[in-house]
Amino acid sequence: TDHNLILGTDRLVEKILKLLRAGENPELLAYGFHLGLAECITAACLCAREQTGIETAALTGGCYQNTLLLGLTIDHLEAEGFRVLTHNMVPPNDGGIALGQAVCLMAKQQHQERSGK
């Protein structure tokens, strides 16, 4: 089974651009883009659940600093029965990566101290 999931956002962007060129309201289009992206993410999670049986989705990465995208994605995933994990104490972007790197370094140093190396 192919476990690679690629979001088909090209059609979404093409649709938004077409509507923008036709003079549609940019604010409504921006909302529509976020809604469409949340729907794409949900579709990918549904596909992943079919392949794996996993019913928990962890939303992380810099794009989830966007509260609109985060809220829409949570709503869609929960409506599909997913348990949704989000960041609470650590930011979903580079700050979280930096914290992870610091924890790894600290663990490595502690291991070296215990083993006398």
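Just so you know, these numbers come straight off a predicted model, no measurement behind them.

> Before we go on, may I ask you to explain the overall build of the protein in this structure?
Summing up its helical and strand segments, the protein has four helices and two strands in all. Taken from N to C terminus, the helices and strands of the protein fall in the order α-α-β-α-β-α. Against the globule reference of 13 Å for 117 residues, the protein gives a C-alpha radius of gyration of 19 Å, more extended than a compact globule. In terms of overall dimensions, the protein has a C-alpha envelope of 70 × 30 × 25 Å along the principal axes. Scored against the burial criterion, the 117 residues of the protein give a buried share of 22%. For the protein, restricting intrachain contacts to residue pairs at least 6 apart in sequence, the fraction spanning at least 24 positions comes to 71%.

> Mind showing me how you'd approach the nonpolar core here?
If you look at soluble globular proteins, the nonpolar side chains tend to sit buried side by side. Counting residues in hydrophobic clusters, the biggest one holds 17 residues, and the most contacted among them are Leu59 and Leu77. Those elements giving two or more residues to this core turn out to be α1 (9-21), α2 (26-52) and α3 (67-79). Not counting residues within four places of it along the chain, the set of residues in contact with leucine 77 comprises Thr42, Cys45, Ala57, Leu59, Phe82 and Val84.

Definitions and cut-offs
- Residues numbered from 1 in each chain as written.
- Predicted model: local features only at pLDDT ≥ 70, side-chain atom pairs only at ≥ 80, totals over all residues.
- Heavy atoms only, no water.
- Helix = DSSP H or I, 4+ residues; strand = E, 2+ residues; numbered from the N terminus.
- Rg over C-alpha atoms; globule rule 2.2 N^0.38 Å.
- Buried < 20%, exposed > 50% of the residue type's maximum accessible area, 1.4 Å probe, protein only.
- Contact = heavy atoms within 4.5 Å.
- Core = buried A, V, L, I, M, F, W, Y, C linked by side-chain atoms within 4.5 Å.

Geometric descriptors of this kind do not, in isolation, establish any biological role.
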